[in-house]
Amino acid sequence: MTESQVLPSATESLVTLQQAEVTQGELFEHVLADPLIASSLYANIALAGLSILLFVYMTKDLQDPRAKLIAVATLLVPVVSISSYTGLASGLTISILEMPAGHAAEGATTMIGGESVDGVVTPWGRYLTWALSTPMILLALGLLAGADATSIFTAITFDIAMCITGLAAALTTSSHLMRWFWYFISCTCFVVVLYILLTQWPDAADAAGTADIFNTLKLLTVVMWLGYPIIWALGVEGIAVLPVGITSWGYSALDIVAKYIFAFLLLRYLVSNESVVSGSIVETPSAAAPADD
Ligand code: RET
């Protein structure tokens, strides 16, 4: 074996050094040391924890299987949230990423453990965990509206696509244009979700007798959810006019309304209107049409 096969080349060592530069522990300390970022994450861990306890207490006596399914979907929202924020606060799901040429944060540095490191803080765990929490919100809303399985499936799958392509936008460091192309794909998926929420489910909710609560939650959801792509675009991931701490609080504030307040309103309705939403979870398919031959 030659020496070059055993020893890493100078470039390889440099790459290894750069990757090892920021440890998870340093990211954990970095979050704790920034009052704005830390409060935005720890406040949500506390709120999610309290919501879980409150929601379990509120829904413990539900009997109807459909009402219970709506309750479980709603309860999963703060369960995913507490895990998401724990991932961010522990440094597990945040990274320092160097933005590509042409990006507003190109060449930016971040102070980590008293040293200046190339790149900006990217809380990519947020975008990843939205792919788990937002489908639960849509499942609860769709079931509340008495929507058909196809429209619930469509809303949920496009919503997951929106979150994952949003994650791709945040993680792309090769090209500035590609970041915005991912963002565009994500927005297109978002339009599909909004279309279903605004044009398909209100009619279903009318027929199901849940129009009042559905329309309140629909409005809350549409207004809050529109805030997320705006913060993305203005924050460090996008044109970087908002600093990291303000961006983090922006998402956290939206989360408080879009998740905990949303879930509380839904569950409060559910426990006092169990009979309105009651029914079978899976509708029995209508008798198959006789075959032609
Ligand atoms: C991103 C960026 C790319 C474009 C779009 C986005 C939309 C995100 C939304 C997130 C909603 C999150 C919620 C989380 C609750 O747990 C990914 C920011 C359209 C709508 C409600």
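The structure this text deals with has already been given above.
Residues numbered from 1 in each chain as written. Predicted model: local features only at pLDDT ≥ 70, side-chain atom pairs only at ≥ 80, totals over all residues. Heavy atoms only, no water.

Looking at a nonpolar patch on the surface
Phase 1 of the analysis: A grouping of Met 178, Phe 181, Trp 182 and Phe 184 is seen on the molecular surface, where their side chains present a nonpolar patch of about 420 Å² in accessible area.
Phase 2 of the analysis: If you trace the backbone, Phe 184 turns up in helix H8 (residues 176-208). (Patch = residues over 30% accessible without salt bridge, like charges linked within 9 Å, V, L, I, M, F, W, Y side chains within 5 Å. Areas by Shrake-Rupley, 256 points an atom, 1.4 Å probe, with all protein chains shown as cover. Salt bridge = Lys/Arg side-chain N within 4 Å of Asp/Glu carboxyl O. Helix = DSSP H or I, 4+ residues; strand = E, 2+ residues; numbered from the N terminus.)

Quick word on a negative patch on the surface
Phase 1 of the analysis: On the surface, a cluster of negative charge is made up of Glu 21, Glu 98, Glu 115 and Asp 118.
Phase 2 of the analysis: Along the polypeptide, Glu 21 turns up in the loop between helix H2 (10-20) and helix H3 (24-33).
Phase 3 of the analysis: Overall, Glu 21 belongs to the partly exposed group, its relative accessible area being 40%. (Lys, Arg positive; Asp, Glu negative; His and termini not counted. Charge placed at Lys NZ, Arg CZ, Asp CG, Glu CD. Buried < 20%, exposed > 50% of the residue type's maximum accessible area, 1.4 Å probe, protein only.)

Considerations on unusual backbone geometry
Phase 1 of the analysis: You will see that Ala 240, though not glycine, has its phi angle at about 55°, which is positive.
Phase 2 of the analysis: Mapped onto the secondary structure, Ala 240 falls in the loop between helix H9 (211-234) and helix H10 (244-272).

Things to note about the site of the ligand
Phase 1 of the analysis: Around the ligand sit 15 residues, and of these Ser 133, Thr 134, Ser 186, Trp 225 and Lys 259 come closest.
Phase 2 of the analysis: A distance of 2.7 Å separates an oxygen atom of the ligand from a polar atom in the side chain of Ser 133.
Phase 3 of the analysis: Contact between the ligand and Lys 259: an oxygen atom at 3.1 Å from a side-chain N or O atom of the residue.
Phase 4 of the analysis: Here the ligand loses 100% of its free accessible area of 540 Å² to cover by the protein chains.
Phase 5 of the analysis: Judged by the fraction of its atoms near the pocket grid, the ligand is located in the largest cavity.
Phase 6 of the analysis: Contributing elements (two or more residues each) for the shell around the ligand: helix H6 (124-145), helix H7 (149-171), H8, H9 and H10. (Near = heavy atom within 4 Å. Polar contact = N/O pair within 3.5 Å; in protein donor to acceptor, adjacent residues only side chain to side chain. 1 Å grid on protein atoms, 1.4 Å probe; cavity = no way out; pocket = protein on both sides within 12 Å on 5 of 7 lines; lining within 4 Å. Sits in = over half its atoms within 2 Å of the grid points.)

A look at the environment of Ala 204
Phase 1 of the analysis: With respect to the helices and strands, the residue Ala 204 is situated in helix H8.
Phase 2 of the analysis: Between the C-alpha atoms of Ala 204 and Phe 214, which are 10 residues apart in sequence, the distance is 9.8 Å.
Phase 3 of the analysis: Not counting chain neighbours up to four residues away, the residues in contact with Ala 204 comprise Ala 145, Gly 146 and Ala 147. (Contact = heavy atoms within 4.5 Å.)

A closer look at the pattern of salt bridges
Opposite charge on two side chains makes pairing possible when the charged atoms of those side chains draw close.
Phase 1 of the analysis: Inspection of every chain in the model, using the stated rule, returns four salt bridges.
Phase 2 of the analysis: The closest approach of N and O atoms between Arg 179 and Glu 237, which form a salt bridge, is 3.4 Å. With Arg 179 in helix H8 and Glu 237 in the loop between H9 and H10, the pair connects residues that are 58 residues apart, well separated along the chain. The pair formed by Arg 179 and Glu 237 is uniform in burial state, with each residue classed as buried.
Phase 3 of the analysis: When the shortest N-O distance is used, the salt bridge between Asp 255 and Lys 259 registers 3.2 Å. On the criterion of helical spacing, the pair formed by Asp 255 and Lys 259 is a turn pair, its members being four residues apart in helix H10.
Phase 4 of the analysis: Judged by relative accessible area, which is 2%, Asp 255 ranks as buried.
Phase 5 of the analysis: What emerges from the salt-bridge pattern is a single network uniting Arg 126, Asp 255 and Lys 259.

Examining the packing of H6 against H7
Phase 1 of the analysis: Relative to each other, H6 and H7 sit at 165°, their axes nearing to 9 Å. One element, H6, and the other, H7, form an angle in the roughly antiparallel class. Note that H6 runs across H7; the crossing there is right-handed. Only Ile 152, Ala 155, Ile 156, Asp 159, Ile 160, Cys 163, Ile 164, Gly 166, Leu 167, Ala 170 and Leu 171 of H7 make contact with H6, whose side of the interface consists of Trp 124, Tyr 127, Leu 128, Trp 130, Ala 131, Thr 134, Pro 135, Leu 138, Leu 139, Gly 142 and Leu 143.
Phase 2 of the analysis: Of the residues contributing to the contact of H6 with H7, the split by class is 18 nonpolar, three polar and one charged. (Axes fitted to C-alpha atoms, helices over the stretch in contact; angles between N-to-C directions. Parallel < 35°, antiparallel > 145°, perpendicular 65-115°, else oblique. Left-handed = near helix turned anticlockwise from the far one by under 90°. Nonpolar A, V, L, I, M, F, W, Y, C, P; charged D, E, K, R; others polar.)

Points about empty space enclosed by the protein
Phase 1 of the analysis: Enumeration according to the criterion identifies two cavities of 30 Å³ or more in this entry.
Phase 2 of the analysis: Taken as a whole, the largest cavity encloses approximately 330 Å³ of empty space.
Phase 3 of the analysis: Around the largest cavity, the lining comprises 21 residues; the ones closest to its centre are Trp 130, Met 162, Cys 163, Tyr 228 and Pro 229.
Phase 4 of the analysis: Contributions of two or more residues to the lining of the largest cavity are made by H6, H7, H8, H9 and H10. (Points joined across faces, edges and corners; volume = space filled by probe spheres on them.)

Points about the nonpolar core
Phase 1 of the analysis: Counting 57 residues, the largest nonpolar core has Leu 138, Leu 197, Trp 201, Trp 225, Phe 262 and Leu 270 as its most contacted members.
Phase 2 of the analysis: Taken together, the elements giving at least two residues each to this core come down to helix H4 (35-59), helix H5 (65-89), H6, H7, H8, H9 and H10.
Phase 3 of the analysis: The leading source of residues in this core is H9, at 11 residues.
Phase 4 of the analysis: Aside from chain neighbours lying at most four places away, what touches Leu 197 is Leu 138, Leu 141, Pro 202, Phe 214, Lys 218, Thr 221 and Val 222.
Phase 5 of the analysis: If you look at the next biggest cluster of nonpolar residues, it comprises 16 residues, including Leu 27, Val 31, Ala 48 and Tyr 260. (Core = buried A, V, L, I, M, F, W, Y, C linked by side-chain atoms within 4.5 Å.)

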